[in-house]
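Inside the fold
Listed here are the chains, written in short residue letters.
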Amino acid sequence: MKMNVIEHTDRREAPVGVFDSGIGGLTVAREIMRNLPSEKIVYFGDTARLPYGNKSKETIIRFSRQIVRFLMKQDVKAIVIACNTASAFALDTLKKEFDIPIIGVIDAGAEVAASVTKNHRIGVIGTVGTIGSGIHADYLHRLDPRIEVVGKACPLFVPLAEEGWLNDPVTEAVAHRYLDDLKKKDIDTLILGCTHYPLLRSLIGNVMGSHVRLVNPAYETALELRNLLTEQDLLSKTPGEEEFPYRFFVSDLAEEFKKFANSILPYDVEMTQKINLEDEGV
Ligand code: DGL
């Protein structure tokens, strides 16, 4: 299907591109909608190729590159990698290769965690890829060399969140299996380093206890986007004039995506289009 791309002569009115392996990045899109209500969004969820969390760095860079090209064809003015795994593996490469402002979700979360920890002991949970990359420790040590980082991959949280088992005894048992060891490490701050984990926030909080502060990078990423757009004079000035300010594209299962999106977004998702990246010439 040929797509209708609106070209924006005023770059400020162009949309922001947001992408993820699938639905998880909607937790980031949701924060952008709440905190930057004038911004239009083109969202891409790579539902045909998810999960990203257990794939290699090379593969994630290749997928991400293709998606950035697709979003640029939609005339976006900036790109948010709303996926921790893709941010961990591909952000540096994409920033070098493309002439468009690109941010990920790792640094914003790391900055908050570094600023709130009292005992300099921070936990990070995420996919196998994100935790294996050690990227949070790199960021956190740069911010404060005294910080000790304890990482734990929690891959089963992703399907459990997608299943909607947000407060289910099975999810609670899995959480104990993953997190009981972390609880013994005396951390006072825990970064939710995967897009799906904010959906399990209350359950993770109950397991960790109220003395552990949970950091959701999605909110901080929306604030980082606002700073970036302000600095580059790219902030939208004309709120809510387009009929569809939010457009959603997926590489598979558009109906399932739409159902999930409608369950978590403060907005009724009407337009979700399935596309083949190969057919888009990217
Ligand atoms: N969006 C991914 C992340 O934040 C989680 C889902 C996946 O593995 O694709 O790392």
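First, a word on scope: everything that follows refers to the structure included in this document. (Residues numbered from 1 in each chain as written. Predicted model: local features only at pLDDT ≥ 70, side-chain atom pairs only at ≥ 80, totals over all residues. Heavy atoms only, no water.)

1. Here's the deal with the overall build of the protein
Across its full length, the protein holds eleven helices and ten strands. For the protein, whose C-alpha radius of gyration is 18 Å, the value lies close to the compact-globule estimate of 19 Å for 282 residues. Projecting the C-alpha coordinates of the protein onto the three principal axes gives extents of approximately 55 × 40 × 35 Å. Total accessible area on the protein stands at roughly 12,600 Å², and carbon and sulfur atoms take up 49% of it. (Helix = DSSP H or I, 4+ residues; strand = E, 2+ residues; numbered from the N terminus. Rg over C-alpha atoms; globule rule 2.2 N^0.38 Å. Areas by Shrake-Rupley, 256 points an atom, 1.4 Å probe, with all protein chains shown as cover.)

2. Quick look at the packing of helix α1 (residues 26-35) against helix α11 (residues 254-264)
With their axes 11 Å apart at the nearest point, α1 and α11 run at an angle of 45 degrees to one another. The angle between the axes of α1 and α11 places the two elements in the oblique class. With respect to the hand of their crossing, α1 and α11 are arranged in right-handed fashion. Residue-level inspection shows L26, T27 and R30 of α1 in contact with α11, the latter providing F257, F260, A261 and I264. (Axes fitted to C-alpha atoms, helices over the stretch in contact; angles between N-to-C directions. Parallel < 35°, antiparallel > 145°, perpendicular 65-115°, else oblique. Left-handed = near helix turned anticlockwise from the far one by under 90°. Contact = heavy atoms within 4.5 Å.)

3. As for the site of the ligand
All residues in the neighbourhood of the ligand are listed as D20, S21, P51, Y52, G53, C83, N84, T85, T127, C194, T195 and H196. G53 has a polar backbone atom sitting 2.8 Å from an oxygen atom of the ligand. A per-class count over the shell around the ligand returns four nonpolar, seven polar and one charged. (Near = heavy atom within 4 Å. Polar contact = N/O pair within 3.5 Å; in protein donor to acceptor, adjacent residues only side chain to side chain. Nonpolar A, V, L, I, M, F, W, Y, C, P; charged D, E, K, R; others polar.)

4. Overview of helix α8 (residues 169-183)
Helix geometry: α8 is bent most strongly at R177, by close to 35 degrees. Every buried residue of α8 is listed here: T171, V174, A175, Y178, L179 and L182. Buried-residue contacts for α8 involve β5 (121-126), β6 (148-153), α7 (157-162), β7 (189-193) and α9 (201-208). Where α8 begins, the side chain of D168 points an oxygen toward the backbone nitrogen of V170, at a separation of 2.8 Å. (Bend = angle between axes of the 7 residues up to and from the residue. Buried < 20%, exposed > 50% of the residue type's maximum accessible area, 1.4 Å probe, protein only.)

5. Structural notes on the side chain of S236
Within the secondary structure, S236 sits in the loop between α10 (217-231) and β9 (246-250). Within the structure, the side chain of S236 is placed 2.8 Å from the side chain of E13, a separation counted as a polar contact. Discounting residues that sit within four places of it in the chain, S236 has contacts with R12, E13, S38, E39, K40 and K77.

6. Notes on the packing of aromatic side chains
A complete count under the given rule lists nine aromatic pairs for this structure. The interplanar angle of 90 degrees and the centroid separation of 5.3 Å between the aromatic rings of F157 and Y197 together place this pair among those described as edge-to-face. In this pair, F157 is assigned in helix α7 and Y197 in the loop between β7 and α9, connecting sequence segments 40 residues apart. Among the residues examined, Y197 registers a relative accessible area of 0% and is labelled buried. Among the aromatic residues, those joined into a cluster by ring pairs are Y43, F248 and F257. Over the ring of F63 we find R49; its NZ or CZ atom is 3.8 Å from the centre of that ring. Taking NZ or CZ as reference, R142 lies 5.2 Å from the ring centre of Y139, over its face. (Phe/Tyr/Trp six-rings, centres within 6.5 Å; stacked < 30°, edge-to-face > 60°. Lys NZ or Arg CZ within 6 Å of the ring centre and 35° of its normal.)

7. So, the nonpolar core
Counting 57 residues, the largest nonpolar core has L26, I125, F157, L179 and I204 as its most contacted members. Core analysis: the next-biggest nonpolar cluster, separate from the first, contains 42 residues, F19, F98, I122 and V124 among them. (Core = buried A, V, L, I, M, F, W, Y, C linked by side-chain atoms within 4.5 Å.)

8. Observations regarding α9
Side chains that are three or four residues apart share a direction in an α-helix, a result of its 3.6 residues per turn. Looking only at α9, the buried set comprises L203, I204, V207 and M208. The buried residues of α9 occupy an angular sector of 130 degrees when projected down its axis, which confines them to one face. Two residues or fewer after α9 comes G209, characterised by a positive phi angle close to 95 degrees. (Arc of directions from axis to C-beta.)

9. Regarding the environment of I131
You can see I131 is positioned in helix α5 (residues 128-133). Separated by 127 residues in the primary sequence, I131 and K258 place their C-alpha atoms 29 Å from one another. For I131, the residues in contact, after removing those within four places along its chain, are V124, I125, G126, G151, K152 and A153.

10. Topic: the sheet that holds β5
Reading across from one edge, β6-β5-β7-β8 is the order of the four strands in this open sheet, with parallel pairing throughout. The open sheet terminates on both sides in strands that have one partner only, identified here as β6 and β8 (213-215). Strand-to-strand twist in this sheet, taken as the mean axis angle between neighbours without regard to direction, amounts to 25 degrees. Across the sheet, α8 touches β5, β6 and β7, and the angle it forms with β6 is around 165 degrees. Helix-sheet contacts for α9 involve β5, β7 and β8, and the interaxial angle to β7 is about 150 degrees. (Pairing = 2+ DSSP bridges.)

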